[in-house]
Amino acid sequence: MPRSKKFRRARLIVIVLVVLLVAGVGYGGYRGVTAVRASFPEVDGTVKVAGLSAPVDVKRDANGIPQLYADTSEDLFRAQGYVQAQDRFWEMDVRRHITAGRLSEMFGDGQVDTDSFIRTMGWRQVAQKEYDTKLSPETKKYLQAYADGVNAWLAEHPGGEKASLEYAMLGVVNSGYTPEQWTPVDSVAWLKAMAWNLSGNLQEEVDRSLLAQDFGPDKIAELYPDYPYARNGTIVKTGTVNGDTYRPADGSAPAGAAPGSGTAQGAATTKALLQGLTDRIDAMPQLLGRPGQGIGSNSWVVAGSHTTTGKPLLANDPHLGPGLPSVWYQMGLHCRTASPACQFDVSGFTFAGMPGVVIGHNKDVAWGFTNLGADVTDLYLEKVTGPDTYQVDGKDEKFDLRKETIKVAGGEDRTITVRTTRTGAPLISDVSTEQQNVGKYAPNGSSAPDRGTGGYGVALQWTALSPGRTMDAVFELDRAKNWDEFRAAAKDFAVPAQNLIYADSKNIGYQAPGVVPVRGKGDGSMPAPGWDSSYQWKPDPVPFTALPYSLNPASGYIVTANQAVVDQGYKYNLTKDWEYGTRAKEITDQIEGLLKNNGKISPDDMQTLQLDNTSIMAKTLVPLLLKQRIDDPYVREAQDLLKDWNFHQDADSAAAAYYNGVWRNLLSLAFGQKFPADIRAKDNCLLVRQQDDPTKPDSSSKIVTQCGTRDPGKAQPDGGDRWTEVVRAQLDKPDSSWWTYIDSDHKEQKGLDNLLKEAMKNARQDLTSLLGKDISTWSWGRLHKLELREQTLGTDNSSIASGLVHKLLNRGPYRLSGGSAAVDAAGWNAAAGYQVDWIPSMRMVVDLNDLDASRWVNVGGASGHAFHQNYNDQTDLWLKGKLLTWAYTPDAVEKATKHKLVLTTG
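Owing to the predicted nature of the structure, the values given are computational and were not obtained by experimental measurement.

Chemist: Break down the overall build of the protein for me, citing the residues and quoting the values.
Modeler: The helix and strand inventory of the protein stands at 27 helices and 34 strands. Total accessible area computed for the protein in this model is approximately 32900 Å², and 49% of it derives from carbon and sulfur atoms.

Chemist: Explain helix α21 (residues 654-670) residue by residue, including any values.
Modeler: The end-to-end C-alpha distance of α21 is 24 Å, a good match for the 24 Å that 17 residues give at a rise of 1.5 Å each. When you tally the buried positions in α21, you get 17 out of 17 residues, the bulk of the element. Sitting at the amino-terminal end of α21 is Ser653, which places a side-chain oxygen 3.4 Å from the backbone nitrogen of Ala655.

Chemist: Please set out the pattern of salt bridges residue by residue, giving values where relevant.
Modeler: Using the criterion set out here, one finds 44 salt bridges in the structure. Here Arg95 ties to Glu91 by a salt bridge, and the two come within 2.9 Å at their closest N and O atoms. Here the residue Arg95 and the residue Glu91 both occupy positions in helix α3 (residues 73-99), the gap between them amounting to four residues, near one helical turn. A relative accessible area of 4% places Arg95 in the buried class. Its relative accessible area of 4% is what places Glu91 among the buried residues. Between Arg469 and Asp492 there is a salt bridge; the shortest N-O distance is 3.3 Å. Of this pair, Arg469 sits in the loop between β17 (456-462) and α15 (470-478) while Asp492 sits in the loop between α16 (483-491) and β18 (498-503), placing them 23 residues apart in sequence. By relative accessible area, Arg469 is classed as partly exposed at 23%. Among the ionic contacts, a cluster of salt bridges with common partners joins Asp93, Arg96, Arg124 and Asp186.

Chemist: I'd like a rundown of the state of the cysteines, residues and numbers included.
Modeler: Going through the model one piece at a time under the given rule, you end up with two disulfides. The disulfide partner of Cys335 is Cys342, and the S-S distance across this bridge is 2.0 Å. Of note, the bridge from Cys335 to Cys342 carries an S-S torsion of about -85° and is left-handed in sense. The exposure classification of Cys335 matches that of Cys342, with both residues buried. The residue that forms a disulfide with Cys685 is Cys707, at a sulfur-sulfur distance of 1.8 Å.

Chemist: Give me the sheet that holds strand β10 (residues 359-362): which residues, what numbers.
Modeler: Taken together, the eleven strands give an open sheet; going across it, the order is β1-β34-β2-β3-β8-β9-β10-β11-β18-β19-β21, and neighbouring strands pair in mixed fashion. Two strands bound the open sheet, and with one partner strand each, they are β1 (45-49) and β21 (549-551). Between one strand and the next, the sheet's axes are offset by a mean angle of 15°, whatever the strand orientation. The pairing of strand β3 (residues 66-70) with strand β8 (residues 329-335) spans four bridges and is classified as parallel. Paired with Ala70 across the two strands is Cys335, which belongs to β8.

Chemist: Could you give me a rundown of the packing of helix α19 (residues 616-627) against α21, with the residues and numbers involved?
Modeler: Taken N-terminus to C-terminus, the directions of α19 and α21 make an angle of 85°; their axes are 11 Å apart at the nearest point. One finds that α19 runs roughly perpendicular with respect to α21. On the side of α19, the interface is formed by Met617, Ala618, Leu621, Val622 and Leu625, while α21 contributes Tyr659, Val662, Trp663 and Leu666. Its residues placed into classes, the contact of α19 with α21 shows nine nonpolar, no polar and no charged.

Chemist: Kindly report on the environment of Asn684, identifying the contributing residues and their values.
Modeler: Structurally, the position occupied by Asn684 is in the loop between α21 and β23 (685-691). The spatial distance from the C-alpha of Asn684 to the C-alpha of Gly708 is 5.4 Å, given a sequence separation of 24 residues. The contact partners of Asn684, leaving out residues within four places of it in the chain, are Gln706, Cys707, Gly708 and Ala831.

Chemist: Describe in detail unusual backbone geometry, supporting the description with residues and values.
Modeler: Between Gln716 and Pro717 the backbone carries a cis peptide bond, its omega angle lying at 0°. Position of Pro717 relative to the elements: it lies in the loop between β24 (701-707) and α22 (721-730). With an omega of 5°, the peptide bond running from Gly812 to Pro813 counts as cis. In this structure, Pro813 sits in strand β28 (residues 811-815). At Asn562, a residue that is not glycine, the phi angle is positive and equals roughly 70°. Note that Asn562 resides in the loop between β22 (557-560) and α17 (582-597). For Phe647, which is not a glycine, the phi torsion comes out positive at approximately 70°. Of note, Phe647 is situated in the loop between α20 (633-639) and α21.

Chemist: So, the packing of aromatic side chains: which residues are in play, and what are the values?
Modeler: Within the structure shown, the criterion is met by 46 aromatic pairs. With 5.3 Å between their ring centres and 40° between their planes, Phe89 and Trp153 make a pair best called tilted. In this pair, Phe89 is assigned in helix α3 and Trp153 in helix α7 (residues 137-156), connecting sequence segments 64 residues apart. An identical accessibility class is assigned to Phe89 and Trp153; each is buried. A centroid spacing of 5.0 Å and a plane angle of 55° characterise the contact between Phe671 and Trp723, whose relative ring orientation is tilted.

Chemist: Any chance you could break down the packing of α3 against helix α9 (residues 184-197) for me, citing the residues and the numbers?
Modeler: Orientation of α3 relative to α9, taken along the N-to-C sense of each, is 65°, at an axis distance of 9 Å. Our classification of the angle between α3 and α9 gives roughly perpendicular. Remark: the crossing between α3 and α9 carries left-handed chirality. Along its contact with α3, which presents Arg95, Arg96 and Thr99, the element α9 presents Asp186, Ala189, Trp190 and Ala193.

Chemist: Now, about the nonpolar core: what can you tell me, with residues and values included?
Modeler: Counting 199 residues, the largest nonpolar core has Trp462, Tyr570, Tyr658, Tyr659, Phe671 and Leu903 as its most contacted members. Top element by residues in this core is α21. It accounts for twelve residues. Each residue touching Trp462, except ones within four places of it in the same chain, is listed here: Met121, Trp123, Lys192, Ala195, Trp196, Ser199, Val376, Thr377 and Trp537. Counting residues in each nonpolar core, the second largest holds 34 residues, with Leu165, Ala584, Ile839 and Trp878 among its members.

Chemist: Tell me about the side chain of Asn870, residues and numbers included.
Modeler: Note that Asn870 resides in the loop between β32 (855-858) and α26 (875-879). Taking relative accessible area as the criterion, Asn870 reaches 6% and is therefore assigned buried. Side-chain polar atoms of Asn870 contact the backbone oxygen of Ala62, separated by 3.3 Å. In terms of polar contacts, Asn870 uses its side chain to reach the side chain of Asp873, at 3.1 Å.

Chemist: Would you mind going over the pairing of strand β19 (residues 508-511) in detail, with residue names and values included?
Modeler: Residues Ile508 and Tyr510 line one face of β19 and the alternating positions Gly509 and Gln511 line the opposite face, and both faces are buried. Here β18 runs beside β19; their pairing, made up of four bridges, is antiparallel. Paired with Leu500 across the strands is Gln511, a residue of β19. Judged from the three bridges that link them, β19 and β21 form a sheet pairing that is antiparallel. When the bridges of β21 are listed, Gln511 appears paired with Tyr549.

Calculation notes
Residues numbered from 1 in each chain as written. Predicted model: local features only at pLDDT ≥ 70, side-chain atom pairs only at ≥ 80, totals over all residues. Heavy atoms only, no water. Helix = DSSP H or I, 4+ residues; strand = E, 2+ residues; numbered from the N terminus. Areas by Shrake-Rupley, 256 points an atom, 1.4 Å probe, with all protein chains shown as cover. Expected span 1.5 Å × (residues − 1). Buried < 20%, exposed > 50% of the residue type's maximum accessible area, 1.4 Å probe, protein only. Polar contact = N/O pair within 3.5 Å; in protein donor to acceptor, adjacent residues only side chain to side chain. Salt bridge = Lys/Arg side-chain N within 4 Å of Asp/Glu carboxyl O. Disulfide = S-S within 2.5 Å. Pairing = 2+ DSSP bridges. Axes fitted to C-alpha atoms, helices over the stretch in contact; angles between N-to-C directions. Parallel < 35°, antiparallel > 145°, perpendicular 65-115°, else oblique. Contact = heavy atoms within 4.5 Å. Nonpolar A, V, L, I, M, F, W, Y, C, P; charged D, E, K, R; others polar. Phe/Tyr/Trp six-rings, centres within 6.5 Å; stacked < 30°, edge-to-face > 60°. Left-handed = near helix turned anticlockwise from the far one by under 90°. Core = buried A, V, L, I, M, F, W, Y, C linked by side-chain atoms within 4.5 Å.

This is the structure in structure tokens:
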């Protein structure tokens, strides 16, 4: 039987006591400190590692960042597995349980729904197919070597305190748990989690459908405006696709042949169907942050003709959800001598649990990633006609059925049945039972089949559910020597679809890789009717040869910041939901300004640009706010803060605090009051007008207080880049119906000017309650705080016990500059509050003139051990916008080395 909530809380209290004892807090003393240190990695001396053919040197600098030196590629990756396990095995173990849908085996029945959802999608099965049928023999060798290295460490640390503090905590409530051997598929499966969090517009499909219960197509279109191509531009000037070959139009050098190696029906979907789906998406562990829009990144590369070094400079800072340990792991992988047996000399950022380097440079080329944002997911509404049948084109089709048994620590096993359509799309509305869990209502439309008593199911079509070769691409990128080899690697990068920027000593480039579907009918913006086969994806995706690229454009630089890659003249539909280009335009303007004023761009300029926290929307909105006549001196005092503001969102800025308070209240009055509760944040209670009979538009209504129901991280309006475009368009319409609102006296008011005044008044009250009456003490950083939370044990602080656990493991809060649509993207959700929920997860600047002069920083640190000196030793540098020197060549690494461990043959 499932254990009671009271019993689970008692277990948490026991955990806290164990943590307090083990950590040496209070009276733990010497024994506690000794127990904690027992799990720290050996970083000096000699350790035997089974399977090595020759010794491997592990050189760590003062920040614990390892650089590995080996004679063969397999030894190199075997050592990488061992070293990553030293620092991060708990994190690796939890991650593989996430991707396999096996969290319940570690943490009990509270994770059954999450496991059910991931099992239904089948991440582990797809990863196994990739390993069995797609990956090259060479990649398999490297993956196996990595797994052998992890297992060599695991043999020395089979569990308990010697593995990590978290295992000691887990042992109190799940004493029978012992980590299994690591397998190559454990590494491959992490790519599915990466792809999930960068998967495009799935949330937008759901939100449009939920909005359709209250708004017509015209109003929804205003909430999802067209991309501003003329103002914010595209990554590349749109070329032409002749046959299936893309030809650049931006002055790029030719690359020759490609390298080898919503419908109206969906709009009426009601909340009962899709709210259940979004609840399950909300329950997914977000080790990379929340999926979809909001997760962004910046990268840009400048040609040597425009730099002070005479060689290209490349910058990258991916925006992901904050947490500890850091999502990224820094390291170098070096062959002592380049040979066919050892082909790697690469350094950069990777994920714990995965061999190779994901972002970084080798001795010849450098590269960075931002999210392309391609629409690679579609929801299909399925007419289910029986336990194992559904309807397509008026005929019954058989589901592919499989059973999944979820083992539960401290509880009974759960068995679910997964139903998959003929296109490979799992029915994700079947969550944790064998019974179909669908909504009460169906889309309208003359072609829709009768809903019957069972309702429609919801199936997910997603490119990541088909086996690919992304793991091959990682190793190919790591050893690429030139543009052609870089593109050949990009061809194998299936999911997630990314913007890849490139530099070598003479060239800069861009390539859009990834599997992007070609649809029949529909554009992917709304759930499609699964019963009509004409809406299914075509058998073949967009050909790689047709995907946009650029080599040495005439501008001398390339900027990618999740803006549109190409304009509407491009042959294929990559997505209807680009980010709106605010960051990209600001970066471009800054680069143009530097080139105009200085003529050349320096590495310091690249680093400084990463810290640009300007609010572009404020430049438009603040003049309108200052035009408003405010009679109340209490509010006018706050309004005056905006008079001389430079639009910089510095942590110590009172004006930035007030402006963002006004922005949040503007969105709430104009949009939040009108939105259905199921897309507004939980506990966000607003005055709304409610009709007595929602089915009759002309029925009488009344003003009531209504609270939202959605997880705050995904609530709307979130205030991000899209909302700046929505508001910008409505500012030209002072009598727009969006400017009708209910004031604090429960009276309906109309007009832009009135709403701006109300927003300023409400913001003054809001900030007074949070920061005090004295505006001289206000600052943006006091509102805009970051807490780095240990993610693998969850983030629930609802009980005293769990709060104490996280207090020991978390770090912060820290006061941050920046904002959601700023280059320094310290994002926050205006529908939920001011706290930071995504950040530049790392920063790097690569100098192709002198790789040892390159710079990097992680938001946390190298170690996953909560009380280790390298757990979050880079956080203060990251907060201040500073970067560490990035040693690469053997002499520079040796000079930076503080600890040397030699791994010898077993």
